[in-house]
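Overview (structure and organization)
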Amino acid sequence: MASTSPHLRPAAPPPMGFADWLLLVALSLVWGGSFFFAKVAVAELPPLSIVLARVGLAAVALLLVLRLIGQAMPRDRRVWAAFFGMGLLNNLIPFSLIFWGQIRIGSGLAAILNATTPLFTVLVAHVLTADEKLTPKRLAGVLLGLAGVAVMIGPQALGGLGGEVLAQLAVLGAALSYGFATIFGRRFRALPPMVTATGQVSATSLMMLPLVCLVDQPWSLPVPGWATLLSLVGLALLSTALAYVLYFKLLARVGATSTALVTLLIPPSAMLLGHLVLAEALSLRAWLGMALIALGLIALDGRLVAMVRRIFDRSFGQATSS
């Protein structure tokens, strides 16, 4: 995955620090709302039109912000080719598959299937990178986190598993595409996150426009209601524009495997937000699921495990020497 452009050369990611974990949690919060926004929008609009509205509004907003802060978009053709590649893998393919799948399956099952993204990312990174190889610790951490998501959302969501096979395969396909996108996005580390986010959604908008005109013929669609319009604004500004600025900042700092963990944090973030803001009760199952996710993240982070091992080795060494 190495690039020939000096602006797009990947480097080995450092371990996550406290600020990186805060960024990951913030990203999980703004991305968590996308499942709700999408569920509202697909009731009135076809999936491809929702994707175009999402990335198009986000592109306009980010271009305006770039102009206000005095940053310019790159003119290098290789950078723009990479923007189009990233837009295909990270927006066009997964957004279309998830929105189509959510017409047929519940948002809970969609969230569980989407949470397989870190697993796919770990596997793709092992094949395509030299510095993010699969280790037993990483695999165990991802599987623990995925189990925690399944426990937290509950068996009722898994009850639909196997019913709408194509819809479930579509969401899994989206998770696989996200895995490839997270590896592909490593090449943007030298660019400001705002520029990368703007380039990606702008490129996706240009790809989506002829596709939507050909398939959906949006001029023939009925005017959506206010709930749908507000959901599109939320999808564009919060779950896309803001989310991708955070995403590319995090990707540049900690690498693909760690960034993909955000999909494990989306369900607990949404539940904790509901508990703190709306006073919604948290069940024992929710706490158990969060505990499994926490164990998975601790295993992936590795520092706490290493510290416990050092303490154990020191104590055991002293005991045996005495």
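These remarks concern the structure in this document. (Residues numbered from 1 in each chain as written. Predicted model: local features only at pLDDT ≥ 70, side-chain atom pairs only at ≥ 80, totals over all residues. Heavy atoms only, no water.)

**Looking at the packing of aromatic side chains**
By the definition in use, this model includes 10 aromatic pairs. A ring pair is formed by Phe83 and Phe188, whose centres lie 5.5 Å apart and whose planes are at 15°; its orientation type is stacked. Here the residue Phe83 occupies a position in helix α3 (residues 77–102), and Phe188 occupies one in the loop between α8 (165–184) and α9 (193–215), the gap between them amounting to 105 residues. Each of the two residues, Phe83 as well as Phe188, counts as buried. What links up through ring pairs into an aromatic cluster is the set Trp31, Trp80, Phe83, Phe184, Phe188, Tyr244, Tyr247 and Phe248. Looking at Arg54, its charged tip hangs above the ring of Phe95, at a distance of 3.9 Å from the centre. Across the ring face of Phe184, the terminal group of Arg187 is positioned such that the distance to the ring centre comes to 4.0 Å. (Phe/Tyr/Trp six-rings, centres within 6.5 Å; stacked < 30°, edge-to-face > 60°. Helix = DSSP H or I, 4+ residues; strand = E, 2+ residues; numbered from the N terminus. Buried < 20%, exposed > 50% of the residue type's maximum accessible area, 1.4 Å probe, protein only. Lys NZ or Arg CZ within 6 Å of the ring centre and 35° of its normal.)

**Thoughts on the environment of Cys213**
Topologically, Cys213 is positioned in helix α9. Distance from Cys213 to Leu48, taken between C-alpha atoms, is 9.6 Å for residues 165 residues apart in sequence. If near-sequence neighbours (up to four positions away) are discounted, Cys213 is found in contact with Pro218 and Trp219. (Contact = heavy atoms within 4.5 Å.)

**A few points about the nonpolar core**
Judged by nonpolar contacts, the single largest core of 73 residues is most densely connected at Leu27 and Phe99. Examining the composition of this core, we find that 13 residues originate from one element, helix α10 (residues 226–254), more than from any other. With residues near it in sequence (within four places) discarded, Leu27 still touches Ala243, Leu246, Tyr247, Leu250 and Val262. Membership of the second largest hydrophobic core comes to 7 residues, among which are Phe35, Ile105, Ala110 and Val171. (Core = buried A, V, L, I, M, F, W, Y, C linked by side-chain atoms within 4.5 Å.)

**Let's talk about α10**
Its 29 residues place the ends of α10 39 Å apart at the C-alpha level, agreeing with the 42 Å of an ideal helix rising 1.5 Å per residue. Along α10, the sharpest kink reaches roughly 35°, centred on Ala243. (Expected span 1.5 Å × (residues − 1). Bend = angle between axes of the 7 residues up to and from the residue.)

**What to know about unusual backbone geometry**
Not every positive phi belongs to a glycine, and Gln217 is a case in point at roughly 45°. Position of Gln217 relative to the elements: it lies in the loop between α9 and α10. By relative accessible area, which is 38% here, Gln217 ends up partly exposed.

**Some points on the packing of α3 against α10**
At a minimum axis distance of 14 Å, the contact between α3 and α10 shows a crossing angle of 140°. Classed by the angle they form, the pair α3 and α10 counts as oblique. The chirality of how α3 crosses α10 is right-handed. In this structure, α3 contributes Met86, Asn90, Asn91, Phe95 and Phe99 to the contact, and α10 contributes Leu235, Tyr244, Tyr247 and Phe248. Among the residues forming the contact of α3 with α10, the class breakdown is 7 nonpolar, 2 polar and no charged. (Axes fitted to C-alpha atoms, helices over the stretch in contact; angles between N-to-C directions. Parallel < 35°, antiparallel > 145°, perpendicular 65-115°, else oblique. Left-handed = near helix turned anticlockwise from the far one by under 90°. Nonpolar A, V, L, I, M, F, W, Y, C, P; charged D, E, K, R; others polar.)

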